[in-house]
Amino acid sequence: MRSARTEAARRWALALVLAPAAAVADPLEDAQVLVLSASPLVAVRAEEVQAVDRAEPWEVKAQIVHVNGKNTEISTAERDRLKEVAQAKVRLETARRDVVKDFLAEVQALGERRSKALLAAEMIPFYQDQLAYHKKLEQAGEIDAPVLWEFAKQAQEAKHGARQAEVEYQTALDRTARQYGGSQWQKLKALLDAYAKQTKP
């Protein structure tokens, strides 16, 4: 029989092993769940399934059908209702698939904007180094001022381009979250931003 101390140590070790796996979350998977729960189209299709499933059959006529070698009596109204339920479920799954497909296309576009913003930001130090180097050349009289101004212009344009790329990413992020997140758009925005930041360009 295990002692209390041994059992406590075993649980502690098990917790250490499982903790990293539990801590690793998939923002994109969580985002898809949120999007499906917030989708008006999916909600309508789900309500259709429930409405058809709850509907009381009006007809009571019966039909003899051959099932597994036996004659079975089934209400035609019930048969029609089951058919309608199946069709409603197909429409629901189609809606879910279409919503996720459109959402993932937006996520891909967000990733491209994020990569563009990161690349633009990474280029700033390069142009700043170029400017600093040519400043020294200009001070030493090795190049004329107009040449230095050109490098200064490039460094300024790099900063402006990086800011603009970041603004475009944040604007697209906000728009996508509002479009697909409903009342939970802020939570969706955080999930999308987390996914974009953990995804390598």
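Residues numbered from 1 in each chain as written. Predicted model: local features only at pLDDT ≥ 70, side-chain atom pairs only at ≥ 80, totals over all residues. Heavy atoms only, no water.

Describing the environment of E166
Part 1 of the argument: Locating E166 in the fold gives a position in helix 5 (residues 145-181).
Part 2 of the argument: Spatially, the C-alpha atom of E166 lies 9.8 Å from that of S115, the residues being 51 residues apart in sequence.
Part 3 of the argument: Sequence-distant contacts of E166, that is, excluding residues within four places in its chain, are made with R114 and A117. (Helix = DSSP H or I, 4+ residues; strand = E, 2+ residues; numbered from the N terminus. Contact = heavy atoms within 4.5 Å.)

Quick notes on the side chain of D193
Part 1 of the argument: Following the sequence through the fold, D193 ends up in helix 6 (residues 185-198).
Part 2 of the argument: Once you skip the residues sitting within four places of it in the chain, D193 turns out to touch Y169 and L173.

Focus on helix 3 (residues 40-54)
For the α-helix, the turn length of 3.6 residues means that residues three or four positions removed from each other point alike.
Part 1 of the argument: A rise of 1.5 Å per residue sets the reference length of helix 3, with its 15 residues, at 21 Å; its end C-alpha atoms lie 21 Å apart and thus fit the reference within 8%.
Part 2 of the argument: Elements in contact with the buried residues of helix 3: helix 2 (27-38) and helix 4 (76-139). (Expected span 1.5 Å × (residues − 1).)

Digging into the nonpolar core
Part 1 of the argument: Among the nonpolar cores identified, the biggest contains 23 residues, and V35, V42, F103, L110, L188 and L192 are the most heavily contacted of them.
Part 2 of the argument: Of all the secondary structure elements, the ones that give two or more residues to this core are helix 2, helix 3, helix 4, helix 5 and helix 6.
Part 3 of the argument: Of the residues forming this core, the biggest block, eight residues, is contributed by helix 4.
Part 4 of the argument: For L188, the contacting residues outside a window of four places in its chain are A31, L34, V35, F103, T176, A177, Y180 and G181. (Core = buried A, V, L, I, M, F, W, Y, C linked by side-chain atoms within 4.5 Å. Buried < 20%, exposed > 50% of the residue type's maximum accessible area, 1.4 Å probe, protein only.)

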